[in-house]
Amino acid sequence: MKTYMLSNSAGSRVRVKAVDILFVVLAACYALFVASGIVPLSGHGANLDSDLSVYAYSMVRADNPQDFQADEILREATPANSLWNLQQFVAELLTPDDQYAVGLLWAGAFIIFVYLVGMYLLGRWLYGSPGPALILALLMSVTVWVGWGTFWGVTHSDPVPRTFFAALWPFMLMGAVVAMRRPFWRPAVMLAAGLGMWIHGLGALNTGAMFFMAFFFCRPPGWSWSKHLGNLVLCLIFFFVPVLTFLWPSLGQKQAFSPADIEMFHTLFSQRWAKDYGRFAERLALFLSWSKPNFWILLAGFGSWLVVRCNGGPRLRQLAAMYPAFVLALALVSAFSWLESLLAPPLGRLPMAHEFVRGLRYLVPLAWIMVAGLLTLAWPRLATWLRTGFCVLAVLLMLLCNGDRQNVAALYSIAEHTGLPMPYMSRAEGASGEAKKHHEALVALREATMPGDVIFSNAGDMGVRHIAKRGMGHTFKDGAHSYYNKNLEQARQWLANEKLRAQGPTGYVDVWLQSGLPWLFCDRPEDRALLEKYGNVVWENPGWLIVRRHEGGAPAREEPALPVSSEENAQMNAPLPEGQAPEQAPGAAVIVPLKP
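This write-up is about the structure you can find in this document. Please read these numbers as outputs of a predicted model, since none were measured by experiment. (Residues numbered from 1 in each chain as written. Predicted model: local features only at pLDDT ≥ 70, side-chain atom pairs only at ≥ 80, totals over all residues. Heavy atoms only, no water.)

**A few points about the pairing of strand 7 (residues 519-522)**
To be explicit about the condition: Working definition: with a 1.4 Å probe on protein chains only, accessible area under 20% of the residue-type maximum means buried, over 50% means exposed, and in between means partly exposed. The helix and strand labels rest on DSSP assignments: H or I over at least four residues marks a helix, E over at least two residues marks a strand, and numbering proceeds from the N terminus. A pair of strands counts as paired when DSSP detects no fewer than two bridges linking them.
Here strand 7 shows a buried face lined by Trp519 and Phe521 and a second buried face lined by Leu520 and Cys522. Direction of pairing for strand 5 (residues 454-457) relative to strand 7: parallel, over a ladder of 3 bridges. Across the sheet, the residue bridging to Ser457 is Phe521, located in strand 7. As paired elements, strand 7 and strand 9 (residues 544-549) share 4 bridges and run antiparallel to each other. Each residue of the ladder has a partner; that of Leu520, found in strand 9, is Val547.

**A short note on a nonpolar patch on the surface**
Rules: Patch rule: a residue counts if its relative accessible area is over 30% and it has no salt bridge; like charges are joined within 9 Å, and nonpolar side chains (Val, Leu, Ile, Met, Phe, Trp, Tyr) within 5 Å. Only the protein chains shown count as cover for residues, and the accessible areas themselves come from Shrake-Rupley with a 1.4 Å probe. We count a salt bridge whenever a side-chain nitrogen from Lys or Arg sits within 4 Å of a carboxyl oxygen from Asp or Glu.
Together, Leu191, Leu195, Val233, Leu234, Ile237, Phe238 and Val241 give the surface a local cluster of nonpolar side chains, amounting to about 560 Å² of exposed area. Contributions of two or more residues to the nonpolar patch are made by helix 7 (186-195) and helix 9 (225-251). It is helix 9 that provides the largest number of residues to the nonpolar patch, a total of 5 residues. You can see Val241 is positioned in helix 9.

**Some words on the environment of Pro96**
Filter applied, for reference: What makes two residues a contact is simply this: any of their non-hydrogen atoms within 4.5 Å.
On the secondary structure map, Pro96 appears in the loop between helix 3 (86-94) and helix 4 (100-127). With sequence-adjacent residues up to four places away left out, Pro96 is seen in contact with Val102, Gly103 and Trp106.

**Side note on empty space enclosed by the protein**
Note the cut-off: Using protein atoms alone on a 1 Å grid, points that fit a 1.4 Å probe yet trap it form a cavity, whereas open point sets bounded by protein on both sides within 12 Å along at least five of seven lines form a pocket; residues with an atom within 4 Å of a point count as lining. Grid points are joined across faces, edges and corners, and a volume is the space filled by probe spheres set on the points. Residues are grouped as follows: Ala, Val, Leu, Ile, Met, Phe, Trp, Tyr, Cys and Pro are nonpolar; Asp, Glu, Lys and Arg are charged; every other residue, Gly included, is polar.
Applying the stated criterion across every chain, the model contains 2 cavities of 30 Å³ or more. Considered as a void within the structure, the largest cavity measures approximately 70 Å³ in volume. Lining the largest cavity, in full, are Phe151, Trp152, Gly153, Arg162, Thr163, Ala166 and Arg361. Counting only elements with at least two residues in the lining of the largest cavity, the list comes to strand 4 (150-152) and helix 6 (161-181). When residues in the lining of the largest cavity are grouped by element, the largest group, 3 residues, is from helix 6. Class assignment for the residues of the lining of the largest cavity results in 3 nonpolar, 2 polar and 2 charged. Put simply, the second largest cavity is a space of about 40 Å³. In terms of lining residues, the second largest cavity is bounded by Phe151, Gly153, Val154, Thr155, His156, Ser157, Asp158, Pro159, Val160, Arg162 and Thr163. For the lining of the second largest cavity, the per-class residue count stands at 4 nonpolar, 5 polar and 2 charged.

**So, the packing of helix 1 (residues 18-41) against helix 4**
Note the following rule: Throughout, an axis means a line fitted to C-alpha atoms (over the contacting stretch in the case of helices), and angles, computed between N-to-C directions, take values from 0 to 180 degrees. Geometric relationships in this document are graded by angle, where less than 35 degrees denotes roughly parallel, more than 145 denotes roughly antiparallel, 65 to 115 denotes roughly perpendicular, and other angles denote oblique. Note on convention: near helix rotated counterclockwise from far helix by under a right angle means a left-handed crossing. Clockwise means right-handed.
Relative to each other, helix 1 and helix 4 sit at 160 degrees, their axes nearing to 9 Å. Comparing the axis directions of helix 1 and helix 4 gives the class roughly antiparallel. In this structure, the crossing between helix 1 and helix 4 has a hand that is right-handed. Every residue of helix 4 that contacts helix 1 at Val19, Asp20, Phe23, Val24, Ala27, Ala28, Tyr30, Ala31, Val34, Ala35, Ile38 and Val39 is listed here: Val102, Leu105, Trp106, Ala109, Ile112, Phe113, Leu116, Val117, Tyr120 and Arg124. A class-by-class count of the residues in the contact of helix 1 with helix 4 yields 20 nonpolar, no polar and 2 charged.

**Looking at the environment of Asp158**
Here is the rule: Here a polar contact is taken to be a pair of N or O atoms separated by no more than 3.5 Å, where protein atoms must pair a possible hydrogen donor with a possible acceptor and residues adjacent in sequence count only if both atoms sit in side chains.
By the element assignment, Asp158 lies in the loop between strand 4 and helix 6. Considered as a pair, Asp158 and Ala107 are 51 residues apart in the sequence and their alpha carbons are 9.9 Å apart. Setting aside residues no more than four positions away along its own chain, Asp158 makes contact with Ile38, Asn47, Leu48, Asp49, Leu52, Leu105, Arg405 and Gln406. Polar side-chain contacts of Asp158 include one of 2.9 Å to the backbone nitrogen of Asp49.

Worth remembering: the numbers are spatial, not functional.
Take a look at the structure:
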């Protein structure tokens, strides 16, 4: 059989074998099953990842700006609601008609394919053998929570920009390894990392720091210090030109705030992000706690690194030599993130680097590379049947024992198309049923209202914007727009709304009444009797109500909202688990005529 050669001076040639082509074909089939299954599981995008929903309604607004002139968040394009990235570009190419959420979901399935192939190619390039490369691709797909509201993995939830960057990261990593031996390529590698800002900003900044630190500590043989420093300066220029170009619209905002205004923004920051970024030292200790998988993965990675750096292949040893610089860079970025959040308030500034600490998730793939590298040393000593059996078993375990949202979608599609019994089908059918009712409610909302109307959603349902295509009153998620845009009026309104919501499970009714908005889209059918005091239920199904306020205004609340504990309120404000909708009572959809 004919084979093809991929060569590089950093190591031996890699032969493209039939098994490599087989992996690419299987990865493509898996991605197609994900694309087919995730649409019904999400209700055509009704139950969408909250971050992905932001990109969906940004796409809708770009094509239909006239429909959002009354939406305070979307009436004007700002750096927080109109940032272009690679995911949106791919989604726009794949969007059927005006189903923007479906386009984003299909783009996510495509990037899962790129992710799997990229990790496999990285393994083939580093290890030379298909078996360990397959194991690396599977390990990289395991969901590992690292804290700060983020994780490493590809199937847990709807792919977002960080997943797109992670899919391209192995290609950048291979470029960095090559550049260690070919230093004239280093500025080009840094340029690639900088351009990654249009894929995922945090990934680009952390990766750029890692690569630059590795280049800094490796002066090429025969180079003088002046030549080495000149090359490093060129690396910085090539990196920061695209970075600053991307950040300039945000950096160019020059508002002057009083101490009271700054304090208000800090209050918003605490309420909106304290769950993810508060108590830095405590969260770092939890990240490194022996009771968490992170600790054992990093420990296994460190032990493997000690062996691989002396006994691995040329490319793997070169990469292992870069690890201390990588870890130092991630530590420095995290320290900067922490210090900036501490020093910004006394200086009269708003913390803007709080998310940089999320770069610590790159420690996980670095550990997996070393673990798979250690396996490579023992791989040739194993019998052929044992190696084949191990790979088949690993694939089956990842496919059949993985309850992540995207994998369940693939299993659901396989079961639908083949009739084969698959695990997690009861979960998939339940999610599909709930999502279908949610989508039905959003379509009914679009039909009951007029373009340009603004809707109040008690749960901050972003589907109001990207499926119903209607403006929406302030939501919990919108606090980010108020903060990053430094909009005082919106920030005050957000804080006032959250104070009312905190009064109890029905605190949203007070927010709705004070907003003056005529329409309510509600996922609490148990509150129907209360809501009918202030409006007419014009449509309902087992999980959703559409309410229109009485003409001429609504009476004041006759009773205060029931108090709840701070813990319960935090749970109310927290986003729903991926792929899950609120609990809904059974029953058939009922159309209720609008009362005159």
